Amino acid sequence: MKVLLINGSPHDKGCTFTALSEIKKTLESENIEAEIFHIGTNPVRGCIGCGGCAKNNGKCVFNDDVVNEIIEKAKTSDAFVFGSPVHYASPAGALCAVLDRAFYAGSAAFKYKPGAAIVSCRRSGTTAALDCLNKYFTIS
């Protein structure tokens, strides 16, 4: 079994990474392969609903960021954990843009696979942020 953990924080070694690392350590102690993928800090455009991915073998037509790389990793993954800091009662905007496009273009790679979400929060907004992330799993 292989689990893909996606770090949606702009800080590659921050609190979200620390939480994902604990999950990774637990998974590996059970002989489950786990990989943490950091989405980085480069700009990520949102989905424009062009439908070009349907004509592009399930790949987003925009190939200048991490979305298609995540879709490829998702194809060989059996489960997912998405991690994000809470920004104004929502997950990080870049992570939402990545997941919108990845789930739209590469939905087959995520379908019927279990997922979980974690958020790192200083004040409030955790429930709303978790709800947003969990919808990706329930929709697919």
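Parameters and conventions
- Residues numbered from 1 in each chain as written.
- Predicted model: local features only at pLDDT ≥ 70, side-chain atom pairs only at ≥ 80, totals over all residues.
- Heavy atoms only, no water.
- Helix = DSSP H or I, 4+ residues; strand = E, 2+ residues; numbered from the N terminus.
- Contact = heavy atoms within 4.5 Å.
- Core = buried A, V, L, I, M, F, W, Y, C linked by side-chain atoms within 4.5 Å.
- Buried < 20%, exposed > 50% of the residue type's maximum accessible area, 1.4 Å probe, protein only.
- Salt bridge = Lys/Arg side-chain N within 4 Å of Asp/Glu carboxyl O.

Inspection of the secondary structure puts cysteine 53 in the loop between strand S2 (33-38) and helix H2 (67-75). Considered as a pair, cysteine 53 and alanine 102 are 49 residues apart in the sequence and their alpha carbons are 10.0 Å apart. Contacts of cysteine 53, omitting those with residues within four sequence positions, involve Gly58, Lys59, Cys60, Val61, Tyr104 and Ala105.

The biggest cluster of nonpolar side chains holds 30 residues, and the ones touching the most others in it are Ile70, Phe82 and Phe110. Elements supplying a minimum of two residues to this core: strand S1 (2-7), H2, strand S3 (79-87), helix H3 (93-105), helix H4 (107-110) and helix H5 (126-139). The element that contributes the greatest number of residues to this core is H3, accounting for 8 residues. Ignoring sequence-local partners within four residues, the contact set of phenylalanine 82 consists of Ile6, Leu99, Phe103, Phe110, Ala116, Ala117, Ile118, Leu133, Tyr136 and Phe137. The next biggest cluster of nonpolar side chains, apart from the first, holds 9 residues, and it includes Val3, Leu5, Leu20 and Val81.

What follows covers the pattern of salt bridges. Taken as a whole and assessed by the stated rule, the structure comprises 7 salt bridges. Measuring nitrogen to oxygen at the nearest pair gives 2.6 Å for the salt bridge that ties aspartate 65 to arginine 101. With aspartate 65 in the loop between S2 and H2 and arginine 101 in helix H3, this residue pair connects regions lying 36 residues apart in the sequence. For the pair aspartate 65 and arginine 101, a shared accessibility class is recorded, and that class is buried. Residue lysine 75 pairs with glutamate 72 through a salt bridge whose shortest N-O separation is 2.9 Å. Placement of both lysine 75 and glutamate 72 in helix H2 is noted, with a separation of 3 residues, approximately one turn of the helix.

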